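Summary of the model geometry
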Amino acid sequence: MAVDLGGTNFRVCSVTLLGNSNFKIAQEKTQIPRDLMVGTSKKLFSFMAQQIKNFVETHHSDHFTESSEHRLQLGFTFSFPVDQKAVNKGYLIRWTKGFDIKDAVGQDVCELLQNEIDALEIPVRVAALVNDTVGTLMARSYESPGKHGALIGAIFGTGTNGAYVENLDKLTKMTAPGNTFGEYDKSTGEMVVNTEWGNFDKGMNVLPDTEFDRQLDRDSVNPGIQMFEKRVSGMFLGEILRLTVLKLKNEAGMFSTSNVKENAPLFEQWGVDTSVLSDIEGDKSEDLSQVRQVAEEKLGVSEITLDEARALKILVHAIGKRSARLSAVPIAAIILATGKLSPAETTTKPTHQRRQSLIEKATTAFQSLILGNPPAADTAPAGPATDDEPIDVGVDGSVVEFYPGFEEYLREALREVNEVGNLGEKRVRIGIAKDGSGVGAALIALVATKAALMAGMKKGDL
Ligand code: BGC
């Protein structure tokens with residue numbers, strides 16, 4: 001089983017693997033009530049346990065009548081930064097994406113969930129804690145097996161982040177004296193690294209910045225952090241548009257001949273959803289009829305002129321394209337830092353220097369995009385590829401899935417990052433791992449359970 005908390009919805013699912021990259025999934029989604037996102041941890045986690053109970057009663061009622069030896073093993077996709085100490089233990093570092101539940105920070109989120117599950121006497125055990133990007137990486141590797149699994153799992157949805165596979169010889173884990181934290185299974189020679197790239201460049205050294213970005217950040221629940229995410233992901237694009245349009249309305253006479261509702265979403269913080277941008281970008285009609293309709297229904301402004309509709313389209317395009325181009329940066333950085341396009345890139349530097357190198361790569365990628373280095377020619381010869389296998393990037397999230405042209409703009413930018421463009425951007429295969437975080441988390445729960453049994457845990461303890 002898997003549950004997924006990380007954005008707008010809470011999802012519960014159970015997955016049956018059918019082999020040969022196929023699976024069957026049963027799932028239920030519930031929108032997370034806004035007051036639970038800023039209340040207490042008790043309220044949020046008991047809400048989640050209740051949804052799990054409903055799901056198990058509907059889809060797995062047999063488990064209620066069986067003994068505790070048959071507890072369902074659950075992968076918990078929790079898409080916020082955690083300090084993960086074990087496969088099913090992780091302490092919340094901070095909330096993102098509009099969540100702000102102070103008493104949960106510093107707590108083990110698996111324990112919080114397990115306590116509420118036990119209180120409702122549901123036969124479920126939290127077996128693994130998984131970031132959605134890691135789940136996406138796993139799901140993509142299961143769904144599209146090649147010689148290698150996927151390199152990157154990335155989310156461009158309510159929030160943004162990416163995880164990738166790194167060689168163990170590039171990583172060092174600290175072991176605290178007196179406990180086993182930091183000890184890990186080295187048999188595969190690899191480890192998945194969750195980069196938390198949403199917080200990239202919080203010092204604002206290279207990120208583009210406008211007065212609307214600054215205002216959005218000032219009025220957010222977490223000013224000064226997740227600065228990359230605030231320019232890229234779905235939670236924020238609608239608000240950037242809203243602030244921009246509001247300024248044009250207040251200071252440049254936009255909508256002066258239109259009918260603006262008093263309680264229009266345009267006046268309400270977070271009132272404009274990112275789907276508004278997707279709908280406006282997608283309008284290819286001459287008279288921009290869809291833009292006008294969206295303005296009426298989603299912004300609360302009717303009878304806008306054709307020029308105003310055009311202006312909306314230009315703004316949306318700038319915001320959406322900036323998001324897509326920025327999204328290319330961490331992908332390029334990881335591809336370059338892992339040396340997947342060029343074996344010569346592979347280094348044996350110690351971890352702290354490697355981490356530096358990933359950030360340096362990202363910074364260089366930014367600079368080449370922002371300062372406008374000449375795009376690499378499309379016909380550039382492929383570099384010293386390690387083999388012919390594509391470099392697989394599994395992605396998920398409403399922005400990459402629904403924003404028209406998002407992937408093309410991202411790819412265009414990837415080509416403009418000189419090193420990637422020259423070495424073979426065409427080898428980069430980007431594919432949607434739809435609802436991958438649920439499937440991936442269930443896969444990880446399965447592996448974690450098998451590993452626990454192999455390590456000598458008894459079935460009854462699981
Ligand atoms: C969180 C990440 C998560 C991403 C996508 C970010 O706000 O910090 O952990 O992977 O959103 O959901």
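What you are looking at is a predicted structure, and each value in this text was computed from that prediction instead of being measured.

Remarks on the sheet that holds strand β14 (residues 428-432)
Taken in spatial order, the five strands make up an open sheet running β10-β9-β8-β13-β14, and their pairing is mixed. Edge positions in the sheet fall to β10 (190-194) and β14, since each has one partner strand and no second. In this sheet, neighbouring strand axes are inclined to one another by 20° on average, regardless of whether the strands run parallel or antiparallel. Pairing of strand β8 (residues 152-156) with strand β9 (residues 160-167), which is carried by five bridges, proceeds in the antiparallel orientation. Bridge pairing links Phe156 to Thr160 in β9. Here helix α11 (residues 306-337) sits on the sheet and contacts β8, β9, β13 (391-396) and β14; the angle it forms with β8, its principal contact strand, is near 170°. The strands touched by helix α14 (residues 406-416) within the sheet are β8 and β14, with β14 carrying the most contacts at an inclination of about 160°.

Considerations on the pairing of strand β3 (residues 22-31)
The sheet contact formed by strand β2 (residues 9-19) and β3 spans 10 bridges and is antiparallel. Each bridged residue has a counterpart across the sheet, and for Cys13 the counterpart in β3 is Gln27. In sequence, β2 turns back onto β3 through a hairpin of two residues, with Asn20 there showing a positive phi of about 50°.

Thoughts on the sheet that holds strand β1 (residues 2-5)
Hydrogen bonds between backbone groups are what pair the strands of a sheet, and the pairing can be parallel or antiparallel. Strand order in this open sheet of five strands is β3-β2-β1-β4-β7, and the pairing throughout is mixed. One side of each edge strand has no neighbouring strand; the edge strands of this open sheet are β3 and β7 (124-130). Between one strand axis and the next, the sheet turns by 25° as a mean value, whatever way the strands run. Against the sheet, helix α4 (residues 109-119) engages β1, β4 (72-78) and β7, with an angle of about 160° to β7.

Some words on the pattern of salt bridges
Side chains that differ in sign of charge can pair as their charged atoms come close. Under the definition given, this model contains 25 salt bridges. Between Lys298 and Asp279 there is a salt bridge, with its nearest N and O atoms 3.9 Å apart. Of this pair, Lys298 sits in helix α10 (residues 289-299) while Asp279 sits in helix α9 (residues 274-281), placing them 19 residues apart in sequence. Residue class for Lys298 comes out partly exposed when judged on its relative accessible area of 33%. When the shortest N-O distance is used, the salt bridge between Lys321 and Glu412 registers 3.8 Å. Note that Lys321 is positioned in helix α11 and Glu412 in helix α14, a separation of 91 residues in sequence. Among the residues examined, Lys321 registers a relative accessible area of 25% and is labelled partly exposed. A residue is classified by how much of its surface remains accessible, and Glu412, at 29% relative accessible area, is partly exposed.

Cut-offs used in this document
Counting from 1, residues in each chain are numbered in the order their sequence is written. Per-residue local features of the predicted model are confined to residues with pLDDT of at least 70, and side-chain atom pairs are confined, for both listing and counting, to 80 or more; whole-chain, interface and lining totals are unaffected and use all residues. For the side-chain quantities, the full set of heavy atoms in the structure was used; hydrogens and water were omitted. Whether two strands pair depends on DSSP finding at least two bridges between them. What counts as a helix is a DSSP run of H or I of at least four residues, what counts as a strand is a run of E of at least two, and both are numbered from the N terminus. Only C-alpha atoms enter the line fits that serve as axes; for helices the fit covers just the stretch in contact. Angles between N-to-C directions range over 0 to 180 degrees. Should any heavy atoms of two residues lie within 4.5 Å, those residues are considered in contact. Salt bridge, as used here: a side-chain nitrogen of Lys or Arg that lies within 4 Å of a carboxyl oxygen of Asp or Glu. Under the scheme applied here, a residue whose accessible area is under 20% of the maximum for its type counts as buried, over 50% as exposed, and between as partly exposed, the area being computed with a 1.4 Å probe on protein chains only.

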